[in-house]
Amino acid sequence: MTKILVIAEHLNGKLNGSTARAVSAAAAVKPDAIDVIVLSDVPDAVAAEAAKIDGVSKVLTVTRAENAHGLAAVYAPQIAKMASGYTHVFAPSTTFGKDLAPRVAALIGVSQVSDVMSVEGPHTFKRPIYAGNAIVSVEVDASSVVVATIRTASWPTAESNGSAPIEAMSVDVPLPSHTRFVELQQGKSDRPDLQGAPKVVSGGRGVGSKENFEIIYKFADKIGAAVGASRAAVDAGYVPNEMQVGQTGKIIAPELYIAIGISGAIQHLTGIKDAGTIVAINKDAEAPIFEIADIGLVGDLFKVLPELEAAIG
């Protein structure tokens with residue numbers, strides 16, 4: 001019997017959309033059951049959202065004061081304990097999942113499968129390597145529990161038409177005391193979330209400065225897009241690192257991706273390979289970004305963007 005436990009990612013009482021993508025990956029395994037686990041001090045609102053995801057058999061909640069903040073060191077022992085009876089444990093391949101899943105795998109005593117982009121069978125998966133330049137098949141021993149992170153950009157968001165039952169669980173396991181929550185620092189913005197936005201506008205080193213990046217923000221707001229950046233722009237101090245798109249940043253799959261002043265280093269292209277339509281604006285006609293762009297505009301971004309804005313009205 002194949003049973004999959006999907007770890008819910010949430011913050012401030014709201015379920016992250018990456019969880020529904022992880023459920024889509026779980027459904028591809030064709031299991032007998034898909035359960036979602038929500039760890040929190042007040043899990044009700046998050047559990048209610050998770051229960052609506054199509055394909056979910058039931059939602060398990062673990063309520064403890066220690067779960068008030070999503071600390072991997074605190075979550076991992078509880079999930080490892082709950083994993084008993086499950087054949088698979090899936091987590092989204094986000095900052096949250098990449099921090100948590102290896103700990104869970106270590107506690108269970110298995111190797112982790114990272115960045116699952118397709119399911120070939122219950123124990124066979126495909127994942128990218130070499131910055132996405134090659135795809136490999138990974139086969140896990142059928143007698144072993146599969147602990148995997150799901151490359152969310154490769155999976156659609158499961159619909160929310162379900163009504164799975166919610167079951168409160170009690171996990172009697174000692175929690176580590178060497179890790180404690182101090183504070184959460186995160187950028188605040190009224191723009192769409194970078195990892196879930198259907199439209200993304202990103203700027204690179206070619207933008208020239210932190211002050212010049214305002215033209216990127218203005219254009220993104222004009223079309224209702226999220227804003228990202230290349231690693232070069234982040235390293236240059238133009239924007240904070242949570243905006244970085246690429247292998248060492250966020251892996252995204254928007255319907256429309258507009259790369260402005262970005263040359264197209266391989267680590268950046270890895271982060272956008274699943275995008276629908278890619279538009280590149282760069283004054284260098286030989287920039288690598290044009291090799292993968294669906295639409296390319298060769299020109300000075302400070303002239304092209306105002307013209308585009310005027311055309312949009």
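The sections below set out a description of the structure shown in this document.

The final tally for this structure, using the stated rule, is six salt bridges. Among the salt bridges present, the one from R64 reaches E66, with a minimum N-O distance of 3.5 Å. According to the relative accessible area criterion, E66 is partly exposed, its value standing at 40%. A salt bridge links R191 to D221; the nearest nitrogen and oxygen atoms lie 2.7 Å apart. Of this pair, R191 sits in the loop between strand 12 (166-169) and strand 13 (199-203) while D221 is found in helix 5 (residues 214-223), placing the two residues 30 residues apart along the sequence. Looking at D221, the relative accessible area reads 46%, which means it is partly exposed.

The next point concerns the pairing of strand 5 (residues 58-63). Sheet topology note: the strand 4 (residues 33-40)/strand 5 ladder contains six bridges and is parallel. Residue pairing in the sheet places I37 in a bridge with L60 of strand 5. Each parallel crossover has a hand, and the one from strand 4 via helix 2 (residues 44-51) to strand 5 is right-handed. Here four bridges tie strand 5 to strand 12, and the two strands are oriented parallel to one another. Of the residues in strand 12, the one forming a bridge with L60 is E167.

What follows deals with the packing of helix 3 (residues 72-82) against helix 4 (residues 95-108). Close contact between helix 3 and helix 4 brings their axes to 8 Å; oriented N to C, the two are set at 45 degrees. In terms of their interaxial angle, helix 3 and helix 4 are classed as oblique. The interaxial crossing formed by helix 3 with helix 4 has right-handed handedness. Contact with helix 3, carried on its side by A72, A73, Y75, A76, P77, I79 and A80, involves F96, D99, L100, R103, V104, L107 and I108 of helix 4 and no other residues of that element. Considered class by class, the residues forming the contact of helix 3 with helix 4 number twelve nonpolar, no polar and two charged.

In this section: the packing of aromatic side chains. By the definition in use, this model includes two aromatic pairs. Consider the rings of Y75 and F96, whose centres lie 6.2 Å apart with planes at 75 degrees: the pair is edge-to-face. Here Y75 is found in helix 3, whereas its partner F96 is found in helix 4, with 21 residues between them in sequence. For the residue pair Y75 and F96, the accessibility class agrees, reading buried in each case.

Ranked by internal contacts, the top residues of the largest apolar core, which has 32 residues, are V6, V36, V59, F90, V116 and F125. At the level of secondary structure, the elements contributing two or more residues to this core comprise strand 1 (3-7), helix 1 (18-28), strand 4, helix 2, strand 7 (112-116) and strand 11 (146-150). Sort the elements by how many residues they give to this core and helix 1 lands first, with five residues. In this structure V36 touches V6, A8, T19, V23, A50, V56, K58, V59 and L60, once residues within four positions along its chain are discounted.

Quick look at the side chain of T94 now. Structurally, T94 is set in the loop between strand 6 (88-92) and helix 4. Excluding anything up to four places from it in sequence, T94 contacts E9, S18 and Q195.

The next subject is the sheet that holds strand 7. Strand pairing in a sheet takes place through backbone hydrogen bonds and is either antiparallel or parallel in direction. In space, the seven strands of this open sheet follow the order 7-11-6-1-4-5-12, with parallel pairing throughout. Looking at strand neighbours, the two that pair on one side only are strand 7 and strand 12, the edges of this open sheet. Each strand of the sheet is rotated relative to its neighbour by a mean of 25 degrees, with strand direction disregarded. Sheet strands touched by helix 3: strand 1, strand 4, strand 5, strand 6 and strand 12. Its angle to strand 4, the strand with the most contacts, is close to 150 degrees.

This part covers the environment of A142. If you trace the backbone, A142 turns up in the loop between strand 10 (134-139) and strand 11. Taking relative accessible area as the criterion, A142 reaches 60% and is therefore assigned exposed. Through-space distance from the C-alpha of A142 to that of T124 is 9.4 Å; in sequence the pair is 18 residues apart.

Looking now at the pairing of strand 13. Of all the five residues making up strand 13, four are buried; the element is thus mostly covered by neighbouring parts of the structure. Examined bridge by bridge, strand 13 and strand 15 (residues 256-260) share five bridges and lie parallel to one another. Bridged to V201 within strand 15 is I258. The sheet contact formed by strand 13 and strand 14 (residues 226-229) spans four bridges and is parallel. Bridging from a neighbouring strand, V201 pairs with V227 of strand 14.

Attention now moves to the sheet that holds strand 9 (residues 124-129). Strand order across the open sheet formed by three strands is 8-9-10, with antiparallel pairing between neighbours. With partners counted over all chains shown, the strands left at the sheet margins are strand 8 (118-121) and strand 10, one partner each. Averaged over all neighbouring strand pairs, the angle between strand axes comes to 35 degrees, with direction disregarded. Looking at chain direction, strand 9 and strand 10 are connected through six bridges and run antiparallel. Of the residues in strand 10, the one forming a bridge with T124 is E139.

Procedures and definitions
Residues numbered from 1 in each chain as written. Predicted model: local features only at pLDDT ≥ 70, side-chain atom pairs only at ≥ 80, totals over all residues. Heavy atoms only, no water. Salt bridge = Lys/Arg side-chain N within 4 Å of Asp/Glu carboxyl O. Buried < 20%, exposed > 50% of the residue type's maximum accessible area, 1.4 Å probe, protein only. Helix = DSSP H or I, 4+ residues; strand = E, 2+ residues; numbered from the N terminus. Pairing = 2+ DSSP bridges. Right-handed = clockwise from strand over helix to strand, strands pointing away. Axes fitted to C-alpha atoms, helices over the stretch in contact; angles between N-to-C directions. Parallel < 35°, antiparallel > 145°, perpendicular 65-115°, else oblique. Left-handed = near helix turned anticlockwise from the far one by under 90°. Contact = heavy atoms within 4.5 Å. Nonpolar A, V, L, I, M, F, W, Y, C, P; charged D, E, K, R; others polar. Phe/Tyr/Trp six-rings, centres within 6.5 Å; stacked < 30°, edge-to-face > 60°. Core = buried A, V, L, I, M, F, W, Y, C linked by side-chain atoms within 4.5 Å.

Everything listed here is a matter of geometry and, on its own, says nothing about what the molecule does.
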